[in-house]
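If you want the building blocks of each chain, they are given just below.
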Amino acid sequence: MNWKNDIDENLKFGLLEILILHLLTEEDTYGYKIRKDLVKKTNGVFEVKEGSLYGPLYRLEERKLISSNKVLVGEKRFRNYYHIEETGREYLNYALEKYHEISKGFLSLINWEEKR
């Protein structure tokens, strides 16, 4: 059933930037670790394919919400570490407020508590 995948992807994609920004409030880190932390800290709900994480990271960087810094690891290998900027923190706070507002309205509309 393709529509199940569509629903999963649409809901997750809308939240991915918020989760990335939240992880970056904890520490500056690199893409692979962000991907692993998403899986671990969401109990497997946000399992992002390896290449799928970099699009959101590039968009966040393009909008100046995060920055990146190449760090030499090993003898010749570089790793991009991402850092949340002050504008990213403001964006995250606003996004979380909106998420809670929308979530409350959504649950109110479908009477979630009564249907459980």
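Residues numbered from 1 in each chain as written. Predicted model: local features only at pLDDT ≥ 70, side-chain atom pairs only at ≥ 80, totals over all residues. Heavy atoms only, no water.

(A) How the structure looks around the packing of aromatic side chains. All chains considered together, the criterion is met by 2 aromatic pairs. Ring geometry for Tyr30 and Tyr81: centres 5.4 Å apart, planes at 70 degrees, overall edge-to-face. One end of the pair, Tyr30, is in strand β1 (residues 29–30); the other, Tyr81, is in strand β3 (residues 77–84), and 51 residues separate them in sequence. The class for Tyr81 is partly exposed, based on a relative accessible area of 24%. On the basis of an interplanar angle of 40 degrees and a centroid distance of 6.2 Å, the ring pair of Tyr54 and Tyr58 is categorised as tilted. One end of the pair is Tyr54 and the other is Tyr58, both in helix α3 (residues 54–62) and 4 residues apart, which spans about a single turn. The class of Tyr54 is partly exposed, set by a relative accessible area of 27%. (Phe/Tyr/Trp six-rings, centres within 6.5 Å; stacked < 30°, edge-to-face > 60°. Helix = DSSP H or I, 4+ residues; strand = E, 2+ residues; numbered from the N terminus. Buried < 20%, exposed > 50% of the residue type's maximum accessible area, 1.4 Å probe, protein only.)

(B) Region of interest: helix α4 (residues 86–110). Spanning 25 residues, α4 covers 36 Å between terminal C-alpha atoms, matching the ideal 36 Å at 1.5 Å per step. Buried residues of α4: Gly88, Leu92 and Ala95, and no others. Residues of α4 that are buried in the fold lie against α1 (2–26) and β3. After α4 finishes, the residue Asn111 shows a positive phi value of roughly 50 degrees. (Expected span 1.5 Å × (residues − 1). Contact = heavy atoms within 4.5 Å.)

(C) Main features of the sheet that holds β3. One open sheet accounts for 3 strands, arranged β1-β3-β2; its pairing is antiparallel. A single partner strand is all that each edge strand has here, and the edge strands are β1 and β2 (66–73). Across the sheet, α3 lies against β2 and β3, angled at about 120 degrees from β2, the strand it touches most. (Pairing = 2+ DSSP bridges. Axes fitted to C-alpha atoms, helices over the stretch in contact; angles between N-to-C directions.)

(D) A look at the pattern of salt bridges. As enumerated under the stated definition, the model contains 6 salt bridges in all. For Asp37, the salt bridge is made with Lys33, and the minimal N-O distance between the two is 2.9 Å. Taken as a pair, Asp37 and Lys33 lie in helix α2 (residues 31–41) at a separation of 4 residues, close to a single helical turn. Assessed through its relative accessible area of 11%, Asp37 is described here as buried. Since its relative accessible area comes to 25%, Lys33 is described here as partly exposed. (Salt bridge = Lys/Arg side-chain N within 4 Å of Asp/Glu carboxyl O.)

(E) Structural view of the side chain of Thr42. Structurally, Thr42 is set in the loop between α2 and α3. A relative accessible area of 18% means that Thr42 is categorised as buried. From its side chain, Thr42 meets the backbone nitrogen of Phe46 in a polar contact 3.0 Å long. (Polar contact = N/O pair within 3.5 Å; in protein donor to acceptor, adjacent residues only side chain to side chain.)

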